[in-house]
Amino acid sequence: MNVHLRMLGCRLNQAEIERMARQLTAQGHTIVEDPALADQIIVNTCAVTHDAVRGSRKLVRQLHRSSTEAELTVTGCYAQLEPEALRALPGVTRVVGNEDKDQLVSTLTGQPVDAYDQEPIQRETNGVGAGRTRAFVKVQDGCDNACTFCVTTVARGAGRSRPLADVLREVDLLVAMGYQEIVLTGVHLGSYGHDLGDVNGLMHLVQAILAETDAPRLRLSSLEPWDLAPEFFSLWQDARLCRHLHLPLQSGCDATLRRMARRTTQAQFGALVRQARQISDDMCITSDIIVGFPGETNEEFETSLAFVEAMDFAGLHVFRYSKRPGTAAARMRGHVDEATSRERSARMMAHADAQAQRYAERFTGQALDVLWEQVAGATDRGFVNIGYTDNYIRVRCIHPRALTNHIVPAQLDAYDVEQRQMHGTPILD
Ligand code: SF4
């Protein structure tokens, strides 16, 4: 069977679709890039914002038009939250909620999903899955928090962790397939193991992966700031753990944080960032911020902006608040008008760009290891290689060789404001 796979949204959705690809390949099916060649199409949708829902609906329609014969299976958070709305779209064969997603492949094919049958996968993917160099590994799903703006906790249910041995087996497989970097992901990654009775579950998982696998690099995806115990920072004694912490702040104002039901404050978040920088002054600390949250006054926004400035992040995702049905915030008073929300977003993004440039330029003239991830073109001087350092600086270089999926040091020369990346010179023998 020819299967075409698509996803929108977060790294967890990406990890899930990549895992489906490996499971289908292990069963002898073929993953096709062109939906017109597919017998079966699977879409992993997102519903975190209005735009995500619009994007999910648009993709489902497009895929049906591109292959009217193929069966069209839709899963993911939008499928979980609004299955009937999806069933009403033309060509949708079946809608599978998040709680049944892990069994989706065996449901579709009627074949059991072998834990990890390496041979077909290695044969099929020539050592690296779909040209990827970084593998996203889902270790946890669901969340037990109740941030008032968040629909994910509604769509993904209670927190639940994969057994540690299962994760280690998957990491071993991915390393054997040639992946150079493993990215641990989940809805609430920091709560890994809590449901298994281990409050330090994530720390123990990272320790096990570093001790028992040959993963060249290990990266942690988003971590809620209240999840990091002081001893967690000892993990960075191992240089294979990327110096990158993505800590969603969401607002830099305590009053707004309270209405968001976020379990952190300016003081707590600031202390955590200082702790991380004591471990490594070069630690890349990135974050997420919402502007225009219900009740956010001009004063609150200015407080949030000033705090973001003080935190001096290396990168910041700025979101305009999106009212999501079923969330507590949707029922709050004081929703901010569109124009104000856009103006605040533009100001916050300007700060974010300046901070990202400031962080990257600190490494000008230094040589850092880069995992080269793709070739983005060619010039008469060679291939345009793009990659990331462990502290998440995007680097571009021109070299006679395509360096994809190799970790090669590069001297960082200059920052490209437009492309938000450093130009570098690879250091090869
Ligand atoms: S921690 Fe909050 S924002 Fe994150 S998934 Fe849970 S409820 Fe949503």
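Residues numbered from 1 in each chain as written. Predicted model: local features only at pLDDT ≥ 70, side-chain atom pairs only at ≥ 80, totals over all residues. Heavy atoms only, no water.

Would you mind showing me how to read the overall build of the protein chain here?
Looking only at helices and strands, one finds 13 helices and 18 strands in the protein chain. In terms of overall dimensions, the protein chain is globule-like: its C-alpha atoms have a radius of gyration of 22 Å, near the 22 Å expected for 429 residues. Each of the three principal axes of the protein chain carries a C-alpha extent, and together these read 60 × 55 × 50 Å. Counting over 429 residues, the protein chain shows a buried share of 54%. Residue pairs at least 24 apart in sequence account for 71% of intrachain contacts in the protein chain once pairs closer than 6 positions are excluded. Just so you have it, the protein chain exposes about 18,200 Å², and 50% of that area is on carbon and sulfur atoms. The centroid of the 45 positive side-chain charges in the protein chain is displaced by 5 Å from the centroid of its 54 negative side-chain charges. (Helix = DSSP H or I, 4+ residues; strand = E, 2+ residues; numbered from the N terminus. Rg over C-alpha atoms; globule rule 2.2 N^0.38 Å. Buried < 20%, exposed > 50% of the residue type's maximum accessible area, 1.4 Å probe, protein only. Contact = heavy atoms within 4.5 Å. Areas by Shrake-Rupley, 256 points an atom, 1.4 Å probe, with all protein chains shown as cover. Lys, Arg positive; Asp, Glu negative; His and termini not counted. Charge placed at Lys NZ, Arg CZ, Asp CG, Glu CD.)

Whenever I open this one, the domain arrangement of the protein chain confuses me. Can you help?
Interfaces are often sized by the accessible area lost when the parts come together. Along its sequence, the protein chain is carved into domain 1 (2–109), domain 2 (125–242) and domain 3 (367–426). When each unit is reduced to the centre of its C-alpha atoms, the spacing between domain 1 and domain 2 is 23 Å. Contact with domain 1, which involves 17 residues of that partner, is made by 24 residues of domain 2. Surface buried jointly by domain 1 and domain 2 totals about 1,700 Å² across both partners, of which 54% is contributed by carbon and sulfur atoms. Among the residues domain 1 hides against domain 2, the three largest losses belong to Arg-11, Leu-12 and Arg-22. Together they make up 38% of the total. At the junction of domain 1 and domain 2, the tally comes to five salt bridges. Its salt-bridge partner being Glu-170, residue Arg-19 comes within 3.5 Å of it at the nearest N-O pair. Our count for the domain 1 to domain 2 interface comes out at five residue pairs in polar contact (both at pLDDT 80 or more). Those elements that place two or more of their residues in the side of domain 1 that touches domain 2 are helix 1 (11–26) and helix 3 (77–81). Among the elements that take part in the side of domain 1 that touches domain 2, helix 1 stands out by supplying nine residues, more than any other. (Domains from an automatic or database assignment. Buried area = accessible area lost by both parts, 1.4 Å probe. Salt bridge = Lys/Arg side-chain N within 4 Å of Asp/Glu carboxyl O. Polar contact = N/O pair within 3.5 Å; in protein donor to acceptor, adjacent residues only side chain to side chain.)

Just to check I follow, could you spell out the site of the ligand for this structure?
Around the ligand, the neighbouring residues are Cys-143, Asn-145, Cys-147, Phe-149, Cys-150, Thr-153, Val-187, Glu-224 and Arg-262. Tallied by class, the residues present in the shell around the ligand amount to five nonpolar, two polar and two charged. (Near = heavy atom within 4 Å. Nonpolar A, V, L, I, M, F, W, Y, C, P; charged D, E, K, R; others polar.)

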